[in-house]
Protein chains: 2
Amino acid sequence: MKRIHNKDDIVQVGLDLVLSRGFNATGVEAILKQANVPKGSFYNFFSSKEEFALAIIDKFVADRVEVLYPIYRDVSLPPLERVKKSFETLIATFAGADCSKGCLIGNLGQEMADQFENVRQRLEKSLQEWTRALSELLFQAQKEKTIPPDLNTDMLAENLISSFQGALLRSKVKKSPEPLNNFIHLYFDVFLGQREEI
Amino acid sequence: MKRIHNKDDIVQVGLDLVLSRGFNATGVEAILKQANVPKGSFYNFFSSKEEFALAIIDKFVADRVEVLYPIYRDVSLPPLERVKKSFETLIATFAGADCSKGCLIGNLGQEMADQFENVRQRLEKSLQEWTRALSELLFQAQKEKTIPPDLNTDMLAENLISSFQGALLRSKVKKSPEPLNNFIHLYFDVFLGQREEI
């Protein structure tokens, strides 16, 4: 039987459990049991459950960056197509997991932002970095006249991400990817897309 | 000292606590203590914590209906303005509470939809009713040519609600109503608003 007992393994196992059950419903004991780690080791690695939350956020963000940044940098596609493809890629992962779990950033924002200021700040930072990456692409799309010149691309990038998070939540309750697919259709074919014809 | 001990009071106190702390982080004991109810009474009123969740959802939805439906029925405003005003009213309440708490429907969707099928179904039902109410107004707006004829109003209504929920979550993490104000601006002035000029 494989014994898992380093910090990275606890973070990986903990991330999966928190994505499935939520933060407050995931006890330290369940994480240690699943990771096959002796009781007591948790606090060798993390001074508190809050510090553990910061570690799983960093892991989640690092995994996301690995998936999304190659799409953002794919110069074979026009900038707005890269934005669209990046969301479609996240949606495919979510739909493949029976529309459960969702996005750790959204989940912890909902559950922890009011109670744990350090966690709120870490989530805020990661959302700002995501916004900045999308805003750069939207700014390029604006220079290429794919989206209207009067749109504030920082505002639009933040709104795209928040509407995606909202559609993810709606899909989680509906147990169907339909709201996410409609998000793609409305933003990229209707709200932004038809502008090209104006 | 006032003694509170009926079911409605437990629901009201429990709703406030769950909005502040989340469902899993709110213990039955904390609710009873806050409601000034003897230990043990909880299970006289609710067979389980899940049944209690259903009761606070119903209370939250009833309170929302009382606020929103008079706006939906206000014939002194054009239909699309009523939709906009209904969201602005919710935003003012949220901003007035320091951008904390948020929407119970969104919060419980995030925290409970994967684990409690009865709760998921109740949330789904309330979101469908909300969608239906907005879709009727959007359909009227379409007849009056305020929004484009090719938009599916059911889809747009669902997307408006989910994007609002996403903006609410973004505001909760940012501790600023800015993402919600930008949601109003983008949807009503840009995505839908500029269509009037076409």
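Residues numbered from 1 in each chain as written. Chains lettered and ligands numbered in written order. Predicted model: local features only at pLDDT ≥ 70, side-chain atom pairs only at ≥ 80, totals over all residues.

Draft legend 1. Just the overall build of chain A, in detail. Across its full length, chain A carries 9 helices and 0 strands. Starting at the N terminus and ending at the C terminus, chain A contains elements arranged as α-α-α-α-α-α-α-α-α. C-alpha atoms of chain A, sized along the principal axes, occupy 65 × 35 × 30 Å. Across the 198 residues that make up chain A, the buried fraction comes to 42%. Within chain A, contacts between residues at least 6 apart in sequence are counted, and of these 62% link residues at least 24 apart. (Helix = DSSP H or I, 4+ residues; strand = E, 2+ residues; numbered from the N terminus. Buried ≥ 20, exposed ≤ 12 C-beta atoms within 10 Å, placed from the backbone. Contact = placed C-beta atoms within 7 Å.)

Draft legend 2. Main features of the interface of chain A and chain B. Taken together, the contacts link 39 residues of chain A with 39 residues of chain B. If you list the elements that add at least two residues to the side of chain A that touches chain B, you get helix 1 (7-21), helix 6 (104-112), helix 7 (117-143), helix 8 (153-174) and helix 9 (178-191) of chain A. Among the elements that make up the side of chain A that touches chain B, the one with the highest residue count is helix 8 of chain A (14 residues). Residues of the side of chain A that touches chain B, tallied by class, amount to 15 nonpolar, 15 polar and 9 charged. (Nonpolar A, V, L, I, M, F, W, Y, C, P; charged D, E, K, R; others polar.)

Draft legend 3. Representation of the domain arrangement of chain A. Residue and element names in this part refer to chain A. The assigned domain composition of chain A is domain 1 (1-45) and domain 2 (57-197). Just the C-alpha atoms count here: the centres of domain 1 and domain 2 sit 29 Å apart. Looking at side-chain class alone, the side of domain 1 that touches domain 2 contains 4 nonpolar, 4 polar and no charged residues. (Domains from an automatic or database assignment.)

Draft legend 4. Region of the structure containing the nonpolar core. Counting 106 residues, the largest nonpolar core has I56(A), L108(A), I56(B) and L108(B) as its most contacted members. Beyond its immediate sequence surroundings of up to four residues, L108(B) is in contact with F23(B), A53(B), I57(B), V119(B) and L123(B). (Core = buried A, V, L, I, M, F, W, Y, C linked by C-beta atoms within 7 Å.)

Draft legend 5. Expanded view of the packing of helix 4 (residues 49-72) of chain B against helix 6 (residues 104-112) of chain B. All names here are of chain B. Viewed as axis vectors pointing N to C, helix 4 and helix 6 meet at an angle of 155°, and their least axial separation amounts to 10 Å. Here helix 4 lies roughly antiparallel to helix 6, going by the angle between them. In this structure, helix 4 contributes A53, I56, I57 and F60 to the contact, and helix 6 contributes L104, L108 and M112. (Axes fitted to C-alpha atoms, helices over the stretch in contact; angles between N-to-C directions. Parallel < 35°, antiparallel > 145°, perpendicular 65-115°, else oblique.)

Draft legend 6. Looking closely at the relation of the copies chain A and chain B. For the pair chain A and chain B, the relating rotation is 180°, the translation along its axis is 0.0 Å, and the fit reaches an RMSD of 0.0 Å. The symmetry that links the two subunits is that of a two-fold axis. Residue by residue, 100% of the interface of chain A is reproduced at the interface of chain B, so both copies engage with the same surface. (Least-squares fit on C-alpha atoms with pLDDT ≥ 70 in both.)

Draft legend 7. Fine view of helix 1 (residues 7-21) of chain B. All names here are of chain B. If you check helix 1, its first and last C-alpha atoms are 21 Å apart, about what 15 residues at 1.5 Å a residue would give, namely 21 Å. By the burial criterion, the buried members of helix 1 are I10, V11, V13, G14, L15, V18 and L19. For helix 1, the elements touching its buried residues are helix 2 (28-35), helix 3 (42-45), helix 4 and helix 6. Count one or two residues on from helix 1 and you reach G22, which has phi positive near 95°. (Expected span 1.5 Å × (residues − 1).)

Draft legend 8. Examining the packing of helix 8 (residues 153-174) of chain B against helix 9 (residues 178-191) of chain B more closely. Residue and element names in this part refer to chain B. At a minimum axis separation of 7 Å, helix 8 and helix 9 run at an interaxial angle of 150°. In this view, helix 8 runs roughly antiparallel relative to helix 9, as classed from their interaxial angle. Contact residues: L160, S163, F164, A167, L168, R170, S171 and K174 in helix 8; E178, P179, L180, F183 and Y187 in helix 9. Class assignment for the residues of the contact of helix 8 with helix 9 results in 8 nonpolar, 2 polar and 3 charged.

Draft legend 9. Highlighting the environment of N152(B). All names here are of chain B. On the secondary structure map, N152 appears in the loop between helix 7 (117-143) and helix 8. Exposure remark for N152: the 16 C-beta atoms within 10 Å place this residue in the partly exposed category. Along the primary structure N152 and S135 are separated by 17 residues, whereas in three dimensions their C-alpha atoms are 8.9 Å apart.

Draft legend 10. Inspection of unusual backbone geometry at higher detail. All names here are of chain A. Its identity as a non-glycine residue notwithstanding, C99 has a phi of 55°, on the positive side. Backbone geometry at K145 places phi at a positive 65°, although glycine is not the residue there. Take K145: it is sitting in the loop between helix 7 and helix 8.

Draft legend 11. Seen up close, the environment of Q110(B). Tracing the backbone shows Q110(B) in helix 6. Overall, the presence of 28 C-beta atoms within 10 Å leaves Q110(B) in the buried class. In sequence terms Q110(B) and A35(B) are 75 residues apart; their C-alpha atoms lie 26 Å from each other. Leave out the neighbours within four places in its chain, and Q110(B) touches G106(A), N107(A), Q110(A), E111(A) and L169(A).

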